[in-house]
Amino acid sequence: MLSGQPSSAGTNWAGNVVFGAAGVHSPRSVAELQALVSRGGALRPIGSRHSFNRIADTTGHLVSLTGLPPVLEVDRPSHSVRIGAGLRYGDLTDALHRACLALPNTGSLPHISVVGSCATGTHGSGTRNRILSAGVRSLTMVTAGGDIMTADRGSHGDDYSGVMLSLGRLGIVTELVLELVPAFEVAQTVVEDVEEEVVEEQLSAILSAAYSVSIFTDWRSGRLQVWVKERVGRPGAWAGSPVWGGRPADGPRHPIEGMPPRNATTQLGIPGPWSERLPHFRLDFTPSSGAELQSEYVVPASEAAAAWQALGAVRERIAGVLQVSEIRSIAADDLWLSPTGGSPAVAFHFTWIPDKEAVLPVVAVVEQQLAPFGARPHWAKVFSTSPGELASLYPRMGAFRRLVTAMDPAGVFGNELVDRWIGLR
Ligand SMILES: Cc1cc2nc3c(=O)[nH]c(=O)nc-3n(C[C@H](O)[C@H](O)[C@H](O)COP(=O)(O)OP(=O)(O)OC[C@H]3O[C@@H](n4cnc5c(N)ncnc54)[C@H](O)[C@@H]3O)c2cc1C
């Protein structure tokens, strides 16, 4: 029995995608979810709707897991937490604090669902920090046949690396077990007025200067902001210098000019819990600008300086439709569809103005400039990289396609965009 009628499918967070799905089911139990899947028909899991493309859409119904009984079980001895799929990162903090544990890293905002983020390769910054799905120890999902399957690193061999970042294409994830580390404090400092030439020359040194570093540029002013998030007490910690020719900001800042600094997490080098410093934005406030599109491309770290120059060559095109760009570093992992699979990487992010017609031609220019560096697009953002190019960028794409065909032969969790990306259409 399914409880309630489906509600209307609505839009994504940014409002640029009106879902074509017939509606949203919100099962109240895993058994109800299994019954829904077993009934047949196209379904697609949806998280907190923060993706900027049609990755979550379907010709059938969306399935939201926010109605499932909440699961949040911290296991101190094994440094892990079991969570239900309805949770956002911001919902985990209190329980982790009480157990003196922490996630190693977060994305820029606590508003996003953990499962949706892990499905798309969401990441924060830090040369030693991997994407968030690389910290998933095990995953439980309802498969296309309506069965429950648990995949963990020990028992699923090579396929584990295909399952942990699967764009919602293999099943509806109901629970994750995440790896934790002992709780730590972070001090966040914004260094501003750093000249672009300095950043270009010292890009790798700046990105590895602290636990997590983000460089913000508008590609216009030539004066950049560097957001330095340092773990308190880390051996060799950044302690206020170097400032790369800039200066520490004398008050709180927002990465986007004109947006209120109170939306951002505490800065000025004041130490605080990891969960209140690693995200740029506070849970109770609008993240980023709120009216925007986003794109992001990941290049091997060894290509980052050259990629920066290539983007600089088209700065006027970029600046014309940009709110802000963010450059971050990410450690390598071994997940098949990970943008950082196989190599440490640097990500070039663009927060665009909310005008698709004006932005898409510039996205194409950015892709052309970054193509020589093997740039992999963020799965959840706006991009036009062709399926052929994606196949050449992801050596395990064929293995993922075979896994999809084996696990979901009828295409229950099919999605036009994803199926094109992975070569199923
Ligand atoms: C303001 C803003 C800031 C952002 N900052 C960052 C950032 O710092 N770093 C970064 O990497 N990205 C960032 N993103 C992108 C964001 O992390 C991704 O869009 C992420 O997927 C959001 O999770 P979600 O739950 O909203 O996903 P949704 O958009 O709801 O869904 C994304 C995908 O996850 C799948 N999915 C959702 N739930 C399940 C489930 N239960 N089982 C299986 N699959 C599921 C969906 O089918 C879909 O394919 C940002 C986005 C916004 C809007």
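Our subject is the structure that appears above.
A brief look at the structure comes next. Residue positions within a chain follow its written sequence, with the count starting from 1. Thresholds applied to this predicted model are a pLDDT of at least 70 for local features of residues and 80 or more for the giving and counting of side-chain atom pairs; totals over whole chains, interfaces and linings are not thresholded and use all residues. With hydrogens and water excluded, all non-hydrogen atoms of the structure serve as input to the side-chain values.

**Here's the deal with the overall build of the chain**
Now for step 1: Under the scheme used here, helices are H or I runs from DSSP no shorter than 4 residues and strands are E runs no shorter than 2 residues, and both carry numbers assigned from the N terminus. Looking only at helices and strands, one finds 12 helices and 19 strands in the chain.
Now for step 2: Against the globule reference of 22 Å for 425 residues, the chain gives a C-alpha radius of gyration of 21 Å, in line with a compact fold.
Now for step 3: With respect to the three principal axes, the spread of C-alpha positions in the chain is 65 × 50 × 40 Å.
Now for step 4: Burial status follows relative accessibility: with a 1.4 Å probe on protein chains alone, a residue under 20% of its type maximum counts as buried, one over 50% as exposed, and anything between as partly exposed. Counting across all 425 residues of the chain, residues that qualify as buried make up 58%.
Now for step 5: Residue-level accessible areas treat just the shown protein chains as cover; the underlying method is Shrake-Rupley with a 1.4 Å probe. Only carbon and sulfur atoms are counted for the fraction: they give 52% of the accessible area of the chain, which is about 16400 Å².
Now for step 6: Separation of charge centres in the chain, based on 35 positive and 40 negative side chains, amounts to 3 Å. For the radius of gyration, the atoms used are the C-alpha atoms, and the globule rule reads 2.2 Å times the number of residues raised to 0.38. Counted charges follow a simple rule, with Lys and Arg positive, Asp and Glu negative, and His plus the chain ends left uncounted. The atom standing in for a charge is NZ when the residue is Lys, CZ when it is Arg, CG when it is Asp and CD when it is Glu.

**As for the sheet that holds strand β7 (residues 136-142)**
Now for step 1: Pairing is antiparallel in the open sheet, where five strands are placed in the order β4-β5-β9-β7-β8. Either end of the sheet is taken by a strand with one partner, and the two such strands are β4 (72-75) and β8 (148-152). Averaged over neighbouring strand pairs, the angle between their axes works out to 15 degrees when direction is ignored.
Now for step 2: Relative to strand β9 (residues 172-179), strand β5 (residues 80-84) is paired through five bridges, and the arrangement is antiparallel. Looking across to β9, one finds that Ile83 is bridged to Leu176. If DSSP finds at least two bridges between two strands, the strands pair. Only the contacting stretch of a helix is used when fitting its axis, a line to C-alpha atoms as for every element, and angles between N-to-C directions run 0 to 180 degrees.

**A closer look at the site of the ligand**
Now for step 1: The environment of the ligand is made up of 37 residues, and the closest members are Pro45, Ser48, His50, Ser51 and Ser113.
Now for step 2: A distance of 3.1 Å is found between an oxygen atom of the ligand and a backbone nitrogen or oxygen belonging to Gly116.
Now for step 3: As used in this structure description, the phrase polar contact means that two N or O atoms lie within 3.5 Å; if the pair is within protein, one of them must be able to donate a hydrogen and the other to accept it, and residues adjacent in sequence are counted only when both atoms belong to side chains. Here an oxygen atom of the ligand sits 2.9 Å away from a polar atom, N or O, in the side chain of Thr120.
Now for step 4: Against a free-state accessible area of 970 Å², the protein chains account for coverage of 98% of the ligand.
Now for step 5: For the shell around the ligand, the secondary-structure elements that each account for two or more residues are β2 (43-46), α3 (114-120) and β9.
Now for step 6: Considering each element in turn, the shell around the ligand owes the most residues, five residues, to α3.
Now for step 7: Side-chain classes follow a simple rule in which Ala, Val, Leu, Ile, Met, Phe, Trp, Tyr, Cys and Pro form the nonpolar group, Asp, Glu, Lys and Arg form the charged group, and the remainder, Gly included, forms the polar group. Within the shell around the ligand, the residues separate by chemical class into 16 nonpolar, 17 polar and four charged. Here, proximity means that at least one heavy atom of the residue falls within 4 Å of the molecule or strand.

**Comments concerning the pairing of strand β3 (residues 61-64)**
The two faces of the sheet receive side chains in turn, since in a regular strand these alternate between them.
Now for step 1: Across two bridges, strand β1 (residues 24-25) lies against β3 in parallel orientation. Paired with His25 across the bridge in β3 is Val63.
Now for step 2: The pairing of β2 with β3 spans four bridges and is parallel. Residue pairing across strands places Leu43 opposite His61, the latter belonging to β3.

**A word on the environment of Val324**
Now for step 1: Tracing the sequence through the fold places Val324 in strand β17 (residues 322-330).
Now for step 2: In this structure, the C-alpha to C-alpha distance between Val324 and Ser289, residues 35 residues apart in sequence, is 9.7 Å.
Now for step 3: Contact between two residues is taken to exist if any of their heavy atoms lie within 4.5 Å; hydrogens are not considered. Sequence-distant contacts of Val324, that is, excluding residues within four places in its chain, are made with Phe216, Thr217, Pro255, Ile256, His349, Phe350 and Thr351.

**Some details on the sheet that holds β3**
Now for step 1: Read across the open sheet, the three strands follow the order β1-β3-β2; overall the sheet is parallel. Looking at which strands have only one partner, the edges of the open sheet turn out to be β1 and β2.

**Here's the deal with the packing of aromatic side chains**
Now for step 1: Put simply, two rings from Phe, Tyr or Trp (the six-membered ring, in Trp's case) pair if the centres are within 6.5 Å, and we call them stacked under 30 degrees between planes, edge-to-face over 60, tilted for the rest. A complete count under the given rule lists 12 aromatic pairs for this structure.
Now for step 2: Centre to centre, the rings of Trp219 and Trp308 are 5.2 Å apart; their planes meet at 55 degrees, and the pair counts as tilted. A residue pair is termed long-range when its members are at least 10 positions apart, and Trp219 in the loop between β12 (212-217) and β13 (223-231) and Trp308 in helix α7 (residues 304-312) qualify at 89 residues. Taken individually, Trp219 and Trp308 each receive the classification buried, so the pair is uniform in this respect.
Now for step 3: Two limits define a charge over a ring: the Lys NZ or Arg CZ must be within 6 Å of the ring centre, and within 35 degrees of the ring normal. Here Arg231 stacks its cationic end above the ring of Tyr211, 5.3 Å away from the centre of that ring.
Now for step 4: Geometry around Tyr394 places Arg376 over its ring, the cationic atom sitting 4.6 Å from the centre.

**Concerning the pattern of salt bridges**
Now for step 1: Each reported salt bridge corresponds to a side-chain nitrogen of Lys or Arg within 4 Å of a carboxyl oxygen of Asp or Glu. According to the stated counting rule, one finds 23 salt bridges in the structure shown.
Now for step 2: Between Arg253 and Glu192 there is a salt bridge whose closest N-O contact spans 2.7 Å. Separated by 61 residues along the polypeptide, Arg253 in the loop between β14 (247-248) and β15 (271-273) and Glu192 in strand β11 (residues 185-195) bring together distant segments of the chain.
Now for step 3: Using a relative accessible area of 10% as the deciding quantity, one classes Glu192 as buried.
Now for step 4: When the shortest N-O distance is used, the salt bridge between Arg223 and Glu195 registers 3.3 Å. Here Arg223 is found in strand β13, whereas its partner Glu195 is found in strand β11, with 28 residues between them in sequence.
Now for step 5: One continuous salt-bridge network, built from bridges that share partners, spans Glu192, Asp193, Glu195, Arg223, Arg247, Asp250 and Arg253.

**Details of helix α1 (residues 30-38)**
Now for step 1: When α1 is considered as a whole, its buried residues turn out to be Glu32, Leu33, Leu36 and Val37. In an axial view of α1, the angular spread of the buried residues amounts to 140 degrees, which keeps them on one side of the axis.
Now for step 2: Looking at the buried positions of α1, the neighbouring elements they touch are β1, β2, β3, β7 and β9.
Now for step 3: Downstream of α1 by a residue or two, Gly40 has a phi angle that is positive, lying close to 90 degrees. Directions drawn from the helix axis to the C-beta atoms are what define this arc.

**A few points about the environment of Gly90**
Now for step 1: Structurally, the position occupied by Gly90 is in the loop between β5 and α2 (93-98).
Now for step 2: Counting along the chain gives 193 residues from Gly90 to Leu283, while the straight-line C-alpha distance between them is 6.5 Å.
Now for step 3: Residue contacts for Gly90: discarding those within four places in its chain leaves Pro110 and Leu283.

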